[in-house]
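# Inside the fold
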Amino acid sequence: MKTEARVVNQHSFMIPVETPLPRRSFGETMRADNWWVQPLLVFLGLGIFIVYSTWAALQGAHYFFGNYISPFYSPELFGSSPHSWFGSKPIWWPAWLLFSPALLILWAPGGFRLTCYYYRGAYYKAFWADPPACTVGEPRKTYLGERSFPLVMQNVHRYFLYLALIFILILTYDVWKAMWFTEPASGKTSFGIGAGTIVLAINVILLSGYTFGCHSLRHLVGGFLDQFSKSPICYRAYACVGCFNCRHMLWAWLSLFWVGFSDLYVRLCSMGIWHDVRFV
C-alpha cells in the first residue's frame, strides 16, 4: 500500500511523492487492548446459533406443541402438524431428499440476517478476519469490496426486508393462535395465556425491533428525501425507524438468541422434557 505525500521545492511547486506504508502481517497490531475478545464472542455466538438452527431445521419433528409452533417452521407450508397450510409432504418432493417444513421457509429470514449491514461487518471480522479488528493485520493482500461475486449478492438485502416484514405478520398470527387452547376434557377451545404464549410474543417483539430498525427500511420510509420539511409523515416514519436503528446491534443479538430459545422451548415441550405452564 502506498500513500501520496506532497513536497514543496524551492520554486514553491507541490511535487507528489509516493511513500510506501509498511504492511502488517496477519494479527499484527500496536493495540494494547484485548481487541480479539469481540470477534471471538461474535464467532462463538453466531457459530452456536448456526449449528443449532441447522440441526433443528433438519429434524422435521418436535416443532409444534398444541397451539404453539416453532418460529423456525412458521409458516408451515407443508407438514404433518395441525399448523400446516397446504397439507402434508408434497408429492413433488424428491423421495431421496430429506424433507423438513423448515427447509421451505428458513432461507428467507436466514437471507435477511446474512445480508444485514450489521451482521456483515460482524461475521466479516469474526469468520473471515476481514479485518479481525481495526488496525489489526489481515490475511489478504488486496481489497475487492462488495462489487464482485459473491459479495455483490449482499445488495439483495432490501428484497429480503420485504419478506421479513411478511414473516413478522405471520409470527404475530402465531401468537394469536397461541392464546387459544383446546381443553382435553371437553375438546372446546378457550382463551388462555401460557408460558409458551409469552415466549412467542417476546420473540415477535424482538424480531420486530430488529426488523423495524433495518437500514434499508429507514431509507425506504424517508432516507431517500432531500428535504424532510416537505414530507412530515415520512420524517416521522424515518425518526421512528431511526430510533430502532440506533440500537440495531442490540436488537440483532437479542432477537437471534430469543428465536433460537423459542424453538428450543417448543421442542422441549413437544418432547415432554419441559411442561408448559398456564397462567390464564
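Residues numbered from 1 in each chain as written. Predicted model: local features only at pLDDT ≥ 70, side-chain atom pairs only at ≥ 80, totals over all residues. Heavy atoms only, no water.

## Some thoughts on the overall build of the protein chain
Counting secondary structure elements, the protein chain contains eight helices and six strands. Listed by position from the N terminus, the elements making up the protein chain come as β-β-α-β-β-α-α-α-β-β-α-α-α-α. For 280 residues, the compact-globule estimate of 2.2 N^0.38 gives 19 Å, and the protein chain exceeds it by more than 25% at 25 Å. When its C-alpha atoms are laid out on the principal axes, the protein chain stretches across 100 × 50 × 40 Å. For the protein chain, contacts bridging at least 24 residues in sequence account for 64% of all contacts bridging at least 6. Here the protein chain displays about 17000 Å² of accessible surface, and carbon together with sulfur accounts for 69% of that area. Positive and negative side-chain charges of the protein chain, numbering 21 and 13 respectively, have mean locations separated by a distance of 4 Å. (Helix = DSSP H or I, 4+ residues; strand = E, 2+ residues; numbered from the N terminus. Rg over C-alpha atoms; globule rule 2.2 N^0.38 Å. Contact = heavy atoms within 4.5 Å. Areas by Shrake-Rupley, 256 points an atom, 1.4 Å probe, with all protein chains shown as cover. Lys, Arg positive; Asp, Glu negative; His and termini not counted. Charge placed at Lys NZ, Arg CZ, Asp CG, Glu CD.)

## A closer look at the nonpolar core
In terms of nonpolar packing, the biggest core is built from 29 residues, with Leu46, Phe72, Tyr73, Phe112, Tyr118, Tyr119 and Tyr210 touching the most fellow members. Counting only elements with at least two residues in this core, the list comes to helix H1 (37-59), helix H3 (117-128), helix H4 (157-177) and helix H8 (248-270). For this core, the element with the most residues is H3, which contributes six residues. With residues up to four places along the chain from it excluded, the contact list for Tyr118 reads His248, Met249, Ala252 and Trp253. Counting 16 residues, the second-largest nonpolar core is a separate cluster that includes Tyr68, Ala195, Leu200 and Leu206. (Core = buried A, V, L, I, M, F, W, Y, C linked by side-chain atoms within 4.5 Å. Buried < 20%, exposed > 50% of the residue type's maximum accessible area, 1.4 Å probe, protein only.)

## Structural notes on the pattern of salt bridges
Taken as a whole and assessed by the stated rule, the structure comprises four salt bridges. Of the charged contacts, one joins Lys177 and Asp174 as a salt bridge, the two residues approaching to 3.6 Å between their closest N and O atoms. Of this pair, Lys177 and Asp174 both sit in helix H4, three residues apart, roughly one helical turn. Of the two residues, Lys177 and Asp174, both sit in the buried class. Taking the shortest distance from any N to any O, the salt bridge between Glu183 and Arg278 comes out at 3.8 Å. One end of the pair, Glu183, is in the loop between strand E5 (180-182) and strand E6 (189-191); the other, Arg278, is in the segment after H8, and 95 residues separate them in sequence. The partly exposed category is assigned to Glu183, whose relative accessible area is 25%. (Salt bridge = Lys/Arg side-chain N within 4 Å of Asp/Glu carboxyl O.)

## Here we look at unusual backbone geometry
In this chain, Ser74 is followed by Pro75 through a cis amide linkage whose omega measures 5 degrees. The omega torsion across Asp130 and Pro131 is -10 degrees, close enough to zero to call that bond cis. Mapped onto the elements of the fold, Pro131 is located in the loop between H3 and H4. Within the chain, His62 stands out as a residue other than glycine whose phi angle is a positive 55 degrees.

## Here's the deal with the packing of aromatic side chains
For any pair of aromatic rings, geometry is given as the distance between the ring centres together with the angle between the planes. Counting across every chain of the model gives 32 aromatic pairs. Clustering of aromatic rings is evident, with ring pairs tying together Phe78, Trp85, Phe86, Trp92, Trp93 and Phe99. Directly above the aromatic system of Phe181 lies the positively charged group of Arg278, at a separation of 4.1 Å from the ring centroid. (Phe/Tyr/Trp six-rings, centres within 6.5 Å; stacked < 30°, edge-to-face > 60°. Lys NZ or Arg CZ within 6 Å of the ring centre and 35° of its normal.)

## A word on the state of the cysteines
The tally for this structure, following the rule as stated, stands at zero disulfides. Considering cysteine sulfurs only, Cys214 is the nearest to Cys116, which forms no disulfide, with 6.7 Å between them. Unpaired in this structure, Cys234 has its nearest cysteine sulfur neighbour in Cys240, at a distance of 13 Å. (Disulfide = S-S within 2.5 Å.)

## So, the environment of Val277
Within the element layout of this structure, Val277 appears in the segment after H8. Sequence spacing of Val277 and Gly194 is 83 residues, and the spatial spacing of their C-alpha atoms is 5.4 Å. The residues touching Val277, leaving out its near neighbours within four places in the chain, are Ile193, Gly194, Ala195 and Tyr265.

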